[in-house]
Structures are given as structure tokens and as C-alpha cells.
Amino acid sequence: PFDKRWALGADINWVQQRDYNQRFSFRDYQTVTGHLNAYYQMPYHNILLKLSAGRYLAKDYGLTFDISREFDNGMRVGGFATFTDVSAEEFGEGSFDKGIYISMPLDMLSTRSKRGSLGLGWRPLTRDGGQKLKINKRLYDIFGRQNRGALLDNWSTLTD
């Protein structure tokens, strides 16, 4: 909703694993993956809370908690933790997926306006459990800041 700090979303995808030789062939692994997503934009410091619940690529079910902060220059810094029904013995160290990330708009590195961003993430382990399908632009990423709160936050700089 336009006048709220929260949003709900859903994504669902049918995927099939590509063959390792990258010659347009597929392996015998396919699944349906999807998540229900809840977003809440905190009223201070541009902090975004996100909760995702659903099915991951390894056919495991669970939750991902994500917290991030967007700065005035467009840079976003955040972290996440994913808990699924994969056992601690199967998953290994910590028994859950976790990591941190930074996203920097390409505008910061150029004299021209660019729409893209440069991202860097770090995970202490890379396992099958808790892995989401990488989708570059979700609807919330495109339209999430287009709300009444963002308009009021930036009203004083509208004529700059």
C-alpha cells in the first residue's frame, strides 16, 4: 500500500538445473521454489526488515530473516540468516545459512546516471540448504521506496 511502511509479496518459480558443461543441456534435477515475503520499512535510519518463508532450491522449507540499511547515496548494507528443515549434520557448521552483503549504485562510480548496482556478498559456508533462486530485481526492489514515507522524508530536498 502507498501510505504504509509494510508490504507483502510472493514469488514462485519452476527451475531445472543446467548441465555442468554449459552447452544448453540440463541435468535430471528440477523443483518448484517460492517464498512469501513480508517487508517493513522502519521509520528511522532507512532500515528495512524482510522475512521470507517458503521452499528453497534443495527442496527444503524454512525462513530467511534479512535486515539492511540504505544510505542517502543509495548504498545498502545488510545481513541475513536462513533456518531450514535441513539437519545440522547435513548442513554443517552453525546448521544454518548466514551472510552479509553490500550493494553500491553504479552512479557512485560514474559521471553519468546509471540504473545498475554493484553487489558484494560474503557467506562463511556455501551449502545446498537455504539457497534461494537469484532474482536480480524483485518488485519490492523496484517500487518499495515509492511510498508516502519516502516522499515525506525527501520533501525538503525536492527543490535542490
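Below, the structure is looked at part by part. Think of each chain on its own: its residues are numbered from 1, step by step along the sequence as written. Predicted model: local features are reported for residues with pLDDT of at least 70 only, side-chain atom pairs are reported and counted for 80 or more only, and whole-chain, interface and lining totals are derived from all residues. Only hydrogens and water are set aside when side-chain values are computed; all heavy atoms of the structure are taken into account.

So, the overall build of the chain
Short version of the rule: Numbering of helices and strands runs from the N terminus; a helix is a DSSP stretch of H or I covering at least four residues, while a strand is a stretch of E covering at least two. Residue exposure (1.4 Å probe, protein chains only): buried if accessible area is under 20% of the type maximum, exposed if over 50%, otherwise partly exposed. Working rule for contacts: check all heavy atoms of both residues, and any pair within 4.5 Å makes them a contact. To measure how exposed things are, a 1.4 Å probe is used in the Shrake-Rupley method; for residues, cover is taken only from the protein chains shown.
Helix and strand counts for the chain stand at three helices and seven strands. Starting at the N terminus, the α and β elements of the chain follow one another as β-β-β-β-β-α-β-β-α-α. When burial is assessed residue by residue, the chain has 28% of its 160 residues classed as buried. Here the contacts in the chain between residues at least 6 apart in sequence split such that 41% fall between residues at least 24 apart. For the chain, the exposed surface amounts to about 11,500 Å²; the carbon and sulfur share of it is 57%.

Brief notes about unusual backbone geometry
Even without being glycine, His45 reaches a positive phi, approximately 60°. Considering the arrangement of structural elements, one finds His45 in the loop between strand E2 (26-41) and strand E3 (47-55). For Lys59, which is not glycine, the phi torsion reads 65° and is therefore positive. For Lys59, the location among the structural elements is in the loop between E3 and strand E4 (61-70). Judged by its relative accessible area of 38%, Lys59 is partly exposed.

Regarding a nonpolar patch on the surface
Rules: Only residues whose relative accessible area exceeds 30% and that take part in no salt bridge are eligible for patches, with like-charged residues grouped when within 9 Å of each other and nonpolar side chains (Val, Leu, Ile, Met, Phe, Trp, Tyr) grouped when within 5 Å. Here a salt bridge means any side-chain nitrogen of Lys or Arg lying within 4 Å of a carboxyl oxygen belonging to Asp or Glu.
There is a patch of nonpolar side chains on the surface, built from Trp6, Leu8, Tyr40, Leu49 and Ile67 and spanning about 490 Å² of accessible area. Its location among the elements puts Leu49 in strand E3.

Some remarks on the packing of aromatic side chains
This is how it is decided: Note on aromatic contacts: the rings of Phe and Tyr and the six-membered ring of Trp form a pair at centre separations within 6.5 Å, being stacked when their planes are under 30 degrees apart, edge-to-face when over 60 apart, and tilted otherwise.
Counted by the stated rule, this structure contains one aromatic pair. Seen from their ring centres, Phe65 and Phe83 are 6.1 Å apart, and the 65° between their planes marks the pair as edge-to-face. In this pair, Phe65 sits in strand E4 while Phe83 sits in strand E5 (residues 76-84), placing the two residues 18 residues apart along the sequence. For Phe65, a relative accessible area of 41% corresponds to the partly exposed category.

Description of the sheet that holds E2
Rules: Only strands that DSSP links by at least two bridges are regarded as paired with each other. Lines are fitted to the C-alpha atoms to define the axes, a helix being fitted only along its stretch in contact, and any angle between axes, read from their N-to-C directions, falls within 0 to 180 degrees.
If you trace the seven strands from one edge of the open sheet to the other, you get E1-E2-E3-E4-E5-E6-E7, paired in antiparallel fashion. Because the sheet does not close on itself, it has two edges, and the strands there are strand E1 (6-18) and strand E7 (117-122). When the angles between neighbouring strand axes are averaged without regard to direction, this sheet yields 20°. Alignment of E2 against E3, held across eight bridges, turns out to be antiparallel. Within E3, the residue paired with Ala38 across the bridge is Leu51.

A word on empty space enclosed by the protein
Convention followed: Here a cavity is any set of points on a 1 Å grid over the protein atoms alone where a 1.4 Å probe fits but cannot get out, and a pocket is any open set with protein on both sides within 12 Å along at least 5 of 7 lines; a residue lines the site when it has an atom within 4 Å of a point. Grid points are joined across faces, edges and corners, and a volume is the space filled by probe spheres set on the points.
What the rule picks out here adds up to one cavity of 30 Å³ or more. Estimated volume of the largest cavity: approximately 70 Å³. In terms of lining, the largest cavity is formed by Asp11, Asn13, Thr33, Gly34, His35, Asn37, Lys132, Leu133, Ile135 and Arg138. Elements supplying a minimum of two residues to the lining of the largest cavity: E1 and E2. When residues in the lining of the largest cavity are grouped by element, the largest group, four residues, is from E2.

Worth remembering: the numbers are spatial, not functional.
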